[in-house]
Amino acid sequence: MTTRSHPKGLYLLFVTEMWERFSYYGMRAIFVLFMIKALMFDKAHAADIYGTYTGLVYLTPLVGGYIADRYWGNRRSILVGGVMMAIGQFMLFLSGNLHNTDVQSATWFLYGGLGMLIAGNGLFKPNISSMVGQLYEPGDKRVDSAFTIFYMGINTGSLMAPLICGTLGDTGHPDDFKWGFLAAGFGMLLSLAVFSLFKNKYLVTPQGAPIGMAPKRVHESGEKVVHAPLTRIEKERLAVILIVSAFVIFFWSAFEQAGASLTFFAEEQTNRNLLGFTVPASYFQSLNPISVVIFAPIFAMIWTALGRKGMEPSSPAKMAFGLLFLSIGYLVIAFGVDGLQPGVKVSMLWLVSLYVLHTFGELCLSPIGLSLVVKLSPARFTGLMMGVWFLSTAAANKFAGTLSELYPEAGKAAPQLLGYTINNLHDFFMVFVFMAGAASLVLFLLSSQLKKMTHGLQ
Ligand code: PHE
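Procedures and definitions
- Residues numbered from 1 in each chain as written.
- Predicted model: local features only at pLDDT ≥ 70, side-chain atom pairs only at ≥ 80, totals over all residues.
- Heavy atoms only, no water.
- Helix = DSSP H or I, 4+ residues; strand = E, 2+ residues; numbered from the N terminus.
- Rg over C-alpha atoms; globule rule 2.2 N^0.38 Å.
- Buried < 20%, exposed > 50% of the residue type's maximum accessible area, 1.4 Å probe, protein only.
- Contact = heavy atoms within 4.5 Å.
- Near = heavy atom within 4 Å.
- Polar contact = N/O pair within 3.5 Å; in protein donor to acceptor, adjacent residues only side chain to side chain.
- Areas by Shrake-Rupley, 256 points an atom, 1.4 Å probe, with all protein chains shown as cover.
- Nonpolar A, V, L, I, M, F, W, Y, C, P; charged D, E, K, R; others polar.
- Salt bridge = Lys/Arg side-chain N within 4 Å of Asp/Glu carboxyl O.
- Core = buried A, V, L, I, M, F, W, Y, C linked by side-chain atoms within 4.5 Å.
- Axes fitted to C-alpha atoms, helices over the stretch in contact; angles between N-to-C directions.
- Parallel < 35°, antiparallel > 145°, perpendicular 65-115°, else oblique.
- Left-handed = near helix turned anticlockwise from the far one by under 90°.

A few points about the overall build of the protein
A count of helices and strands for the protein gives 13 helices and 6 strands. For the protein, whose C-alpha radius of gyration is 22 Å, the value lies close to the compact-globule estimate of 23 Å for 458 residues. Structurally, the protein occupies a C-alpha span of about 75 × 55 × 40 Å along its principal axes. Counting over 458 residues, the protein shows a buried share of 51%. In the protein, once contacts between residues fewer than 6 apart in sequence are set aside, the share between residues at least 24 apart is 81%.

Right, dumping it as structure tokens:
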């Protein structure tokens, strides 16, 4: 009988990624406020830098993945990336120290720090995800549930980050931002320390061979190793990754309304009184990580239980369910705001339902997608393909901003999208119902063909 428990290496990667995400989201929680309140940037300039930063952060994994595949292997890329990110956070700490004595140096430390974070993340993020899959034999049914558990680590870090870095840094006194960045830097050091200490012991294949080492460039005989050309089966598997990555753009661009249009909605059109206390609009951002931490183990159990009965949906079908949950989330809120007069506020329960449904969607799509990338990539391309997966997130985030400009505002001409006029909030939310719904339907229809193209590895 095979044992169903997961290898210890999974928990090492869980903790390493948890502290890295703590560092990433901790900095992000105070970043815009720091630029506006300490460095005195105007809002548009700060928003511009923020958008460029978050966009670039998911562009560099393409390079980081390639470097790992070709030269360094996952382990070394993670270590170098992690050190760069820690340096980046400490540079922001210095910027926070200098903001009122030497603005010019403070600004240079800001840009230098951001550059280090962008490059470091490129080396770290795709490679930590790649290693999760390598802990298992090809074809092992536990891989989807492993990535779902790993995703819980990501979100445990994201959840703690604003609480700790926000509390330390966002005190109302601009001199305190630096403590938030310092905490983010220490989080990164903790991630590195845990990874360095335990990697040799736990990051091994089921047979005990180390994983994430640099690719062999020279045979023992001294002859150069040449990367074999792709076979037809490998090409079809890579095509599946590219096709699902394209669908993922629709998912994240609707999902990421959270930071933009849905936050306006929370601020302006949601009754946020709870037992005499006004819930800040920003608190709605934590509904997603909290729901991931609560529901991820349940989803992991569902996949394992279905797998045991031989009834587990294929990965493309799970991802189509993800898009469907997203569409239903928007349908619920579109119903909630239907016929709403301007200036009238609706219950918080609408947004809470939307975020919980969106989290269900995320759990069907995001960890499953990471898992699919690892399963389908020939080992010599895993890092690069992981980079492609993150690239679609980068594109989607940009697109999310464009779509959120369609948010209807009183006194502004009704925005248009492909001949559809957005007169009110109901019409706005329906854009996402249709977009995610149509993508879900097409992906469902394609899923059996895609499953065939995976040649048994979905
Ligand atoms: N919470 C996820 C993470 O930080 C968000 C994300 C999803 C980021 C997909 C990139 C790609 O990993």
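Considerations on the environment of Lys-216
With respect to the helices and strands, the residue Lys-216 is situated in the loop between helix 6 (177-202) and helix 7 (232-255). In the structure, Lys-216 is positioned 76 residues away from Val-292 in sequence and 38 Å away in space, judged by C-alpha atoms.

Here we look at the site of the ligand
In the vicinity of the ligand, the residues found are Arg-21, Tyr-25, Tyr-58, Lys-125, Tyr-151, Ile-154, Trp-252, Phe-390 and Thr-393. Arg-21 places a polar side-chain atom, nitrogen or oxygen, 2.8 Å from an oxygen atom of the ligand. Burial of the ligand by the protein chains amounts to 92% of its free accessible area of 320 Å². Elements supplying a minimum of two residues to the shell around the ligand: helix 1 (8-37), helix 5 (143-169) and helix 12 (382-404). Along the lines of polarity and charge, the residues of the shell around the ligand split into 6 nonpolar, 1 polar and 2 charged.

Thoughts on the side chain of Thr-270
With respect to the element layout, Thr-270 can be found in strand 1 (residues 270-271). Once you skip the residues sitting within four places of it in the chain, Thr-270 turns out to touch Phe-265, Phe-284, Lys-345, Val-346, Ser-347, Met-348 and Leu-351.

Re the pattern of salt bridges
This model, assessed by the stated rule, comprises 9 salt bridges. Between Arg-21 and Glu-17 there is a salt bridge whose closest N-O contact spans 3.9 Å. A residue pair is termed a helical-turn pair when its members lie 3 or 4 positions apart in one helix, as Arg-21 and Glu-17 do in helix 1 at 4 residues. Note on accessibility: Arg-21 and Glu-17 belong to one class, buried. Lys-375 is the partner of Asp-144 in a salt bridge, and the nearest nitrogen-oxygen pair spans 3.0 Å. Here the residue Asp-144 occupies a position in helix 5, and Lys-375 occupies one in helix 11 (residues 348-376), the gap between them amounting to 231 residues. There is no split in this pair, since Asp-144 and Lys-375 are both buried. It is possible to trace a salt-bridge network through shared partners that takes in Glu-17, Glu-20, Arg-21 and Lys-125.

Topic: the nonpolar core
Judged by nonpolar contacts, the single largest core of 129 residues is most densely connected at Tyr-330 and Phe-429. By residue number, the principal contributor to this core is helix 11, which donates 15 residues. Contacts of Phe-429, omitting those with residues within four sequence positions, involve Leu-262, Phe-265, Tyr-330, Ile-333, Ala-334 and Val-337.

Description of the packing of helix 1 against helix 2 (residues 43-57)
The contact between helix 1 and helix 2 brings their axes to 8 Å, and the two run at 155°. Here helix 1 is positioned roughly antiparallel relative to helix 2, judged by the angle of their axes. At the point where helix 1 passes helix 2, the crossing takes the right-handed sense. In contact with Tyr-24, Met-27, Arg-28, Phe-31, Val-32, Met-35 and Ile-36 of helix 1, helix 2 contributes Lys-43, Ala-46, Ile-49, Tyr-50, Tyr-53, Thr-54 and Val-57. Looking at the contact of helix 1 with helix 2 residue by residue, the classes come out as 11 nonpolar, 1 polar and 2 charged.

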